[in-house]
Amino acid sequence: MPREVRVRFAPSPTGLPHIGNIRTALFNWLFARHHGGKFIVRVEDTDQARLVPGSIEAMLDGLRWLNIDWDEGPEVGGPYGPYYQSERLQIYHDLAGKLVTQGNAYHCYCSQKLPSQDSQEQRDRRVSASADCKCRDLTPGEISKLSKGQESKVVRFAMPKEGITRVNDLIRGAVEWRNETLNDFIIMKSDGFPTYHLAVVADDKLMEISHVMRAEEWLPSTPRHLQLCEALGYEPPKYAHLPMIMGSDRAKLSKRHGATAIGEYKDNGFLPEALTNFMVLLGWALDDKTDVVSTQTVIENFTLDRVTKSSAIFDQEKLLWMNGMYIRELTAEQLAGRMTPFLERDLSEDMLPVDQEYLQQIAPLLQERIKSLEESANITSYFFKADEEFDTGTLVQKGMDRDSTLSALKAALDDLSATDDFHQEKLEEMLNATGERLELSRRQFFGVLRTAATGRSVSPPLFEMLEVLGKDRIVSRIKNAVDRFSAAS
RNA sequence: GGGGCGUUCGUCUAGCGGCCCAGGACACCGCCCUCUCAAGGCGGAGAUCAGGGGUUCAAAUCCCCUACGCCCUACCA
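These figures come from a predicted structure and were not determined experimentally.

Procedures and definitions
- Residues numbered from 1 in each chain as written.
- Chains lettered and ligands numbered in written order.
- Predicted model: local features only at pLDDT ≥ 70, side-chain atom pairs only at ≥ 80, totals over all residues.
- Heavy atoms only, no water.
- Helix = DSSP H or I, 4+ residues; strand = E, 2+ residues; numbered from the N terminus.
- Contact = heavy atoms within 4.5 Å.
- Core = buried A, V, L, I, M, F, W, Y, C linked by side-chain atoms within 4.5 Å.
- Buried < 20%, exposed > 50% of the residue type's maximum accessible area, 1.4 Å probe, protein only.
- Near = heavy atom within 4 Å.
- Polar contact = N/O pair within 3.5 Å; in protein donor to acceptor, adjacent residues only side chain to side chain.
- Nonpolar A, V, L, I, M, F, W, Y, C, P; charged D, E, K, R; others polar.
- Pairing = 2+ DSSP bridges.
- Axes fitted to C-alpha atoms, helices over the stretch in contact; angles between N-to-C directions.
- Domains from an automatic or database assignment.
- Buried area = accessible area lost by both parts, 1.4 Å probe.
- Salt bridge = Lys/Arg side-chain N within 4 Å of Asp/Glu carboxyl O.
- Parallel < 35°, antiparallel > 145°, perpendicular 65-115°, else oblique.
- Left-handed = near helix turned anticlockwise from the far one by under 90°.

1. Things to note about the side chain of Asp204
- Along the chain, Asp204 falls in helix 6 (residues 196-206).
- Beyond its immediate stretch of four places on either side in the chain, Asp204 contacts Arg8, Arg42, Ile209 and Val212.

2. Comments concerning the nonpolar core
- Counting residues in hydrophobic clusters, the biggest one holds 106 residues, and the most contacted among them are Phe39, Phe302, Phe383 and Phe384.
- If one sorts the elements of this core by residue count, helix 1 (residues 19-34) sits on top with nine residues.
- Each residue touching Phe384, except ones within four places of it in the same chain, is listed here: Leu343, Leu347, Met351, Val354, Tyr358, Leu359 and Ile362.
- Counting residues in hydrophobic clusters, the runner-up holds 34 residues, among them Leu95, Ala96, Met188 and Tyr234.

3. Quick look at the protein's contact with RNA strand B
- Close contacts around RNA strand B come from 71 residues, with Lys189, Glu216, Glu368, Arg442 and Arg450 the closest.
- Here the atoms of RNA strand B within 4 Å of the protein split so that 69% fall in sugar or phosphate, with bases taking the remainder.
- Between a phosphate oxygen of RNA strand B and a main-chain N or O atom of Ile313, the distance comes to 3.0 Å.
- Arg443 places a polar side-chain atom, nitrogen or oxygen, 3.4 Å from a phosphate oxygen of RNA strand B.
- Put simply, the parts of the chain that give the surface near RNA strand B at least two residues each are strand 6 (173-178), strand 11 (312-313), helix 11 (316-329), helix 17 (442-454) and helix 18 (462-469).
- Looking at which element gives the most residues to the surface near RNA strand B, the answer is helix 11, with five residues.
- Looking at side-chain class alone, the surface near RNA strand B contains 27 nonpolar, 13 polar and 31 charged residues.

4. Section: the sheet that holds strand 4 (residues 155-157)
- Read from one edge of the open sheet, three strands run 3-4-7, paired in antiparallel fashion. Because the sheet does not close on itself, it has two edges, and the strands there are strand 3 (105-107) and strand 7 (186-188). Each strand axis lies, on average, 35° off the axis of its neighbour in the sheet, ignoring direction.
- The pairing of strand 4 with strand 7 spans two bridges and is classified as antiparallel. Paired with Arg156 across the bridge in strand 7 is Ile186.

5. A word on the domain arrangement of chain A
- What the domain assignment reports for chain A is domain 1 (6-85 + 246-313), domain 2 (88-199), domain 3 (330-382) and domain 4 (392-488).
- Using only C-alpha atoms to locate each centre, domain 3 and domain 4 end up separated by 24 Å.
- Taken together, the contact pairs 10 residues of domain 3 with 11 residues of domain 4.
- Of the roughly 940 Å² buried between domain 3 and domain 4 on both sides combined, carbon and sulfur atoms contribute 58%.
- Interface area lost by domain 3 to domain 4 is led by Tyr358, Leu365 and Tyr382, which between them contribute 72%.
- The tally of links from domain 3 across to domain 4 stands at zero salt bridges.
- Run the count over domain 3 and domain 4 and you get four residue pairs in polar contact (both at pLDDT 80 or more).
- Those elements that provide at least two residues to the side of domain 3 that touches domain 4 are helix 13 (356-366) and helix 14 (376-384).
- The dominant element in the side of domain 3 that touches domain 4, judged by the number of residues it contributes, is helix 13, at five residues.

6. With respect to the pattern of salt bridges
- Inspection of the entire model under this criterion finds 22 salt bridges.
- For Arg6, the salt bridge goes to Glu72, with nearest N and O atoms at 2.8 Å. Here Arg6 is found in strand 1 (residues 6-9), whereas its partner Glu72 is found in the loop between helix 2 (55-65) and helix 3 (89-102), with 66 residues between them in sequence.
- Taking relative accessible area as the criterion, Glu72 reaches 4% and is therefore assigned buried.
- For the salt bridge of Asp184 with Arg136, the shortest nitrogen-to-oxygen distance reads 3.1 Å. Linking Asp184 in the loop between strand 6 and strand 7 with Arg136 in the loop between helix 4 (120-125) and helix 5 (140-147), this pair joins segments that are 48 residues apart in sequence.
- Residue Asp184 is classed as buried on the basis of its relative accessible area of 12%.
- One network of salt bridges, with partners in common, ties together Arg8, Arg42, Glu44 and Asp204.

7. Looking at the environment of Ser457
- In this structure, Ser457 sits in the loop between helix 17 and helix 18.
- Measuring from C-alpha to C-alpha, the distance between Ser457 and Gly447 comes to 7.1 Å, with 10 residues separating the pair along the chain.
- With near-sequence residues (within four places) excluded, Ser457 lies in contact with Arg450 and Thr451.

8. Focus on the packing of helix 15 (residues 402-418) against helix 19 (residues 471-487)
- The N-to-C vectors of helix 15 and helix 19 enclose an angle of 155°; their axes lie 10 Å apart at closest approach. By the angle class used here, helix 15 and helix 19 are roughly antiparallel. When you trace helix 15 past helix 19, the crossing you get is left-handed. Here helix 15 contributes Arg402, Thr405, Leu406, Leu409, Lys410, Leu413, Leu416 and Ser417 to the contact with helix 19, which in turn contributes Lys471, Ile474, Val475, Ile478, Lys479, Ala481, Val482, Phe485 and Ser486.
- Residues belonging to the contact of helix 15 with helix 19 are distributed by class as follows: 10 nonpolar, three polar and four charged.

In structure tokens, the structure reads:
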């Protein structure tokens, strides 16, 4: 009988949640939901030096924003807790002791060498610092001399010197390493904390994790984990190494490639459902033609045999396109709601607060014209306040002169002042006739009005817009345009 | 230096021996629609399937070699 699927996302609180980490979380979550299993969040805070306060909260916020819920972990607890490794130190300590007793690990008395302290030669040759360690073969006499009665807290795992370690990766297939190429890595640090390797193996076992799905960069450390399992008598979990996400230059995605933190995408006006859909496509595909796909459909079809092996470049352009697709699927009410925080953030004081009913009328006019919520304020500002500064010279359309422009404005002003029916069909009917009478093309006449009403040469279709703006705003804006244009010489 | 993984249009990908002188999507170009801008529709350009050897009647698909890229090689994860 197959075990229950239990997968985990194991972030370390060392900085802002990176898009690559989030994608890993997403794939784990999709896998769990597909199999009706459990998705667990476990905090790997074993590096006290690099701990960044607030990063776990940011990570959890990111998951919540994307609607990725976890069954066990921070805030929700669970039967396998605690879910912070810093609260599980005794477990690792005991395990390390057991390994030493069994002869699978040994205390190390070498002085600590940071990468930056490596000699030039070492950096050039890229020789592992651990290769120099001779503590494995220390005699009891040498140990007591080195330890000065104080046993070192640093413990290294004693890698078998011969043999092969194999893994059958669910995405990559069979992979194997000659044990002689593997070094004696550290499992307990001098501060009493375990390294990732020990903690991850211990907790994956204790939390009964069935599948370890993580980024490909972890593949090289898999034989260490397998050997650790072997020494501890654990049956290892299944492994699946996901392709990595790269920047446009094919290097590991980093800050200089643009936004990498999940929070930035939220602030930049992306819809969580669009980001999710986009991330899913980075390494997974439903078929040969589907791009826009609901999370529900992905869950139903999410299998590892459809996960790509090669790394993917994060294409901001396609993400933007997808965001536009999702924006267009929103109802007017939903879009208005999503835009509101951005308007409150970016609109000037005097345009706030935003009237929701009015905004819901505006929203449909912009829906297919924005690709990101970030554009909200810029594209709607004239609905809230007239631009009285625009260059009146732009009122004059191609093939027109000052006089024809001025008379066009006056004619429209007469028409619009005289009617109270601002339904777009009526307005179009009326102004069409007036335009013809003035012998202006629709492009010319409507262009003048567009500019007078918005101060811009680009806007949603004129009549839909005029209906939403309403008589008061329109009449006053055209009057203003006439005045300013007349005054200008 | 060592170890490992990867390689299909610029990018994301479909493809798991014949349906492929390779399909879809983004971006790009053109046309249509049209009051501007979009959206949408239609069409185009774009991949000697990294290169070379095999296996096979038949290979993008299987095997081997090479090249290139990436990852790991910390008392970081």
